[in-house]
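Observations on the model geometry
Each chain is listed here by its residues.
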Amino acid sequence: QVQLEESGGGLVQAGGSARLSCIASGRADSMQTVAWFRQAPGKEREFVAFITWTDRTSYYSDSAKGRFTISRDNAENTVYLQMNSLKPEDTAVYSCAVILRGSPNYNYWGRGTQVTVSS
């Protein structure tokens, strides 16, 4: 089992930045991919970015590309999401999720952290 805990959310002005952290515990050595998702009120959950645990391959949604950067610290079992040039439409609950090695699906999810971008 893997436990995920997000932090770093809060209230940010448009154009500002925020850095989210996702700390993994438990079977963290079995992680293959860690991703960030977000869900705004009344909307479906949306993929933001992922990073692989071994070779650091990353991928971004079109809305995140060029503004957000995903990175990870294997020693600390932590994945970060650096968000720059934030817009009001980035307001959402941001959650991280993990795919374990050999699994086709996301196995574990965090509770999420709220990011609110004011205009």
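The paragraphs below set out a description of the structure included in this document. (Residues numbered from 1 in each chain as written. Predicted model: local features only at pLDDT ≥ 70, side-chain atom pairs only at ≥ 80, totals over all residues. Heavy atoms only, no water.)

Here the focus is the packing of aromatic side chains. Throughout the structure, instances matching the rule amount to 7 aromatic pairs. A centroid spacing of 5.7 Å and a plane angle of 75° characterise the contact between Phe 37 and Phe 47, whose relative ring orientation is edge-to-face. In this pair, Phe 37 is assigned in strand β4 (residues 31–39) and Phe 47 in strand β5 (residues 46–52), connecting sequence segments 10 residues apart. By relative accessible area, which is 9% here, Phe 37 ends up buried. When the centroid spacing of 5.9 Å and the interplanar angle of 25° are considered together, the rings of Phe 50 and Tyr 59 count as stacked. For Phe 50, a relative accessible area of 23% corresponds to the partly exposed category. Given a relative accessible area of 47%, Tyr 59 falls into the partly exposed group. One cation-aromatic arrangement involves Arg 19 over Tyr 80; the distance from NZ or CZ to the ring centre is 4.1 Å. (Phe/Tyr/Trp six-rings, centres within 6.5 Å; stacked < 30°, edge-to-face > 60°. Helix = DSSP H or I, 4+ residues; strand = E, 2+ residues; numbered from the N terminus. Buried < 20%, exposed > 50% of the residue type's maximum accessible area, 1.4 Å probe, protein only. Lys NZ or Arg CZ within 6 Å of the ring centre and 35° of its normal.)

We now examine unusual backbone geometry. Here the phi dihedral of Arg 56 falls at roughly 60°; this positive angle occurs in a residue that is not glycine. Along the chain, the position of Arg 56 falls in the loop between β5 and β6 (58–60). Note on Arg 56: relative accessible area 55%, which makes it exposed. Even without being a glycine, Asn 77 presents a positive backbone phi close to 50°. The residue Asn 77 is located in the loop between β7 (68–73) and β8 (78–83) in this model. Relative accessible area serves as the criterion here: at 24%, Asn 77 is assigned to the partly exposed category.

Take it as geometry only, folks, not as evidence of what the structure does.
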